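One letter stands for each residue in the lines below.
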Amino acid sequence: MKKTLSLLFLLIFGINCLPAQNSLLTTAEKSGFESTANYVDVQTFIIELTKISKNIKVESIAKTIEGRDVPLLIIADPMPQSPADLINDKRIVVYIQANIHAGEVEGKEASLMLARDLVNGLNNEILKNVVVLICPNFNPDGNEAISTKNRTHQNGPKNGVGLRYNGQMLDLNRDAIKLESPEMTGLIHNVLLKWDPSVLVDCHTTNGSYHEEPVTFTWMMNPAGNRALINYMRDKMMPDVSLALTEKYNVLNCFYGEFTDLKNPENGWISYAAEPRYLTNYIGVRNRLAILNENYVYADYKTRVLGSYSLLHSILDYSASHSVELKTMLKKVDLQTIARGTNPAVADSFPIVYEVKPTPEKIKIRAYEVDVVVDTDGREQLHKSDRKKLVNAPYLADYFASKSVSLPYAYLIKLSDPAIANLLAKHGIKVEKLIHHTTLEVETFKITDLKPEGRLNQGHYTNSVKGILKKDTIEFLPGNYVVRMAQPLANLAAYMLEPETDDALLLWNFFDRYLVPQWGKGFYDYPVYRLMKKTELQTQLYLEE
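It should be emphasised that the depicted structure is a prediction, and the values quoted were computed from it without experimental measurement.

> I tried to follow the sheet that holds strand S1 (residues 56-63) on my own but got confused; where do I start?
Backbone-to-backbone hydrogen bonds join strands into a sheet, with any given pair of strands oriented parallel or antiparallel. In space, the 8 strands of this open sheet follow the order S1-S2-S4-S3-S5-S10-S6-S7, with mixed pairing throughout. The open sheet terminates on both sides in strands that have one partner only, identified here as S1 and strand S7 (253-255). Taking each pair of neighbouring strands and ignoring which way they run, the sheet shows an average axis angle of 20°. Its contacts with the sheet put helix H10 (residues 301-321) on strand S3 (92-97), strand S4 (130-135), strand S5 (199-205), strand S6 (215-219) and strand S10 (289-295), and the angle it makes with S5 is roughly 170°.

Okay, structure coming up:
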């Protein structure tokens, strides 16, 4: 099949020689960037893509609560027969995801354009070193609710956009830990555990401060992730991507955030969400690289789509040219995590509470000054002016522990509740079961205070807990669960099982029935115990039920 240049390439570089009848166009392109694709549009476009080249195949990540497929495009040259073929392959896997919030549609259109250009061979160098996975429509149920009444502050598209939440009215970008949606559960099973992408990109649209840059992005930030990976993103990959986006693609960009004080923007620019319920931070806690793309809501729709496209291309350019470095680095981190858990040292700690600090380098934002208007009630309102201002501000995006605990050799769960074991196993965490009665010296978390929030959050009255660790001797029963720290996902397991983290299973109510007696005062001990010393345990592997 004769290869054609993409319309996007022409838009960016000003070449005007593409025969329209030979071009497969997205809904955004066909409408002159006034509309966005519905479910049928996306699925039809994908079917047409498969007719172009042998270098693309399509799988399903999940089926939504309303019965729609969440598509996964696999683009590779040559196409691996299975993910196992990539173990000794020089190529790395990059996963691009869009439309997790279906009102934020630029990534959906941009990723479809990118898929077309890759299968058309527009940039053959990428596929030499990268297997590209693309999910252009992660939230099909939300996407089908396209309406001009959604996100009315957003600058296009004219036909409207979808809803933030999925068919269960869940925010999928708060579900990475609790896995209550088929979409996020499918992502773990059919992408992360199957393909183990080195790099993940999650596309969104901003709601924050006013600035000129149409494209913003940042990296995974939770301090429970490997610090070397966070620093690599902060100091090398993200600055290089930003520079390429500016110089090669001529797209204004800055790292994602918002001003801490609109009247005094020099005080700081903050990326404020570090919990692993957010997908990019979850990926970081899994010891992989993740990028959050936030396209500027007040830029026009065409600029946002093309800017997102250019960012995705810049990320693939970098990943392709650094594939060996990335693959080697991630393998080393996995081995270090396993070795640490084999015999934890006193100095090995795990963050329970953290605080934000400025990154080593300040960043520049092309901002707008604000005017202060006092209403009739004496309240100040801030209004964007037309006065541009280049701001040099501290980037508040480095999160460090303010409270830590020693990392145990293993966690023992003195329950036989398959729901908890199944959830851990769904994440890919290795769970074992004790074979015999075993008495062990452990640390017990003694609850001193437990309170639910007064307002529902994603269908949960999330818990806040206080307590103290005490040494104890506990008898464990056959069938009780064991989670050792000598595994690649040790950080994720610890985050879920430590009671005081901000995304603990305790916080999300998974242990509620085991914490408080039916009558009387006080609390039961938290049923997850910390085994601090390396100990021989007779176990068998737990298989998800």
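Moving on, there is more to tell.
> Would you mind showing me how to read the pairing of strand S14 (residues 395-406) here?
A regular strand carries its side chains on alternate faces of the sheet. Note that strand S9 (residues 269-270) and S14 share 2 bridges and pair parallel. Across the sheet, Trp269 pairs through a bridge with Tyr395, a residue of S14. Pairing between strand S11 (residues 349-358) and S14: 9 bridges, direction antiparallel. Looking across to S14, one finds that Pro358 is bridged to Leu396.

> Quick question: what am I supposed to make of unusual backbone geometry here?
Both trends apply: most residues other than glycine have a negative phi, and most peptide bonds are in trans. Cis geometry is found at the peptide bond from Asp77 to Pro78, where omega equals 5°. The residue Pro78 is located in the loop between strand S2 (69-75) and S3 in this model. The residue after Gly156, namely Pro157, is reached through a cis peptide bond having omega 10°. Tracing the backbone through its elements, the reader meets Pro157 in the loop between helix H6 (140-143) and helix H7 (182-195).

> Can you help me understand the nonpolar core in this one?
One finds Tyr95, Val132, Phe138, Met237, Leu289, Leu424 and Val483 to be the most contacted residues of the largest nonpolar core, which totals 149 residues. For this core, the leading source of residues is H10, giving 10 residues. For Phe138, the contacting residues outside a window of four places in its chain are Ile61, Val70, Tyr95, Gln97, Ala98, Asn99, Ile100, Leu172, Glu183, Met184 and Leu187.

> When you look at the sheet that holds strand S8 (residues 258-259) in this model, what are you seeing that I'm missing?
Strand order in the open sheet formed by 4 strands is S8-S9-S14-S11, and the pairing between neighbours is mixed. Either end of the sheet is taken by a strand with one partner, and the two such strands are S8 and S11.

Thresholds applied
- Residues numbered from 1 in each chain as written.
- Predicted model: local features only at pLDDT ≥ 70, side-chain atom pairs only at ≥ 80, totals over all residues.
- Heavy atoms only, no water.
- Pairing = 2+ DSSP bridges.
- Helix = DSSP H or I, 4+ residues; strand = E, 2+ residues; numbered from the N terminus.
- Axes fitted to C-alpha atoms, helices over the stretch in contact; angles between N-to-C directions.
- Contact = heavy atoms within 4.5 Å.
- Core = buried A, V, L, I, M, F, W, Y, C linked by side-chain atoms within 4.5 Å.
- Buried < 20%, exposed > 50% of the residue type's maximum accessible area, 1.4 Å probe, protein only.

Treat this as a map of the structure, not an account of what it does.
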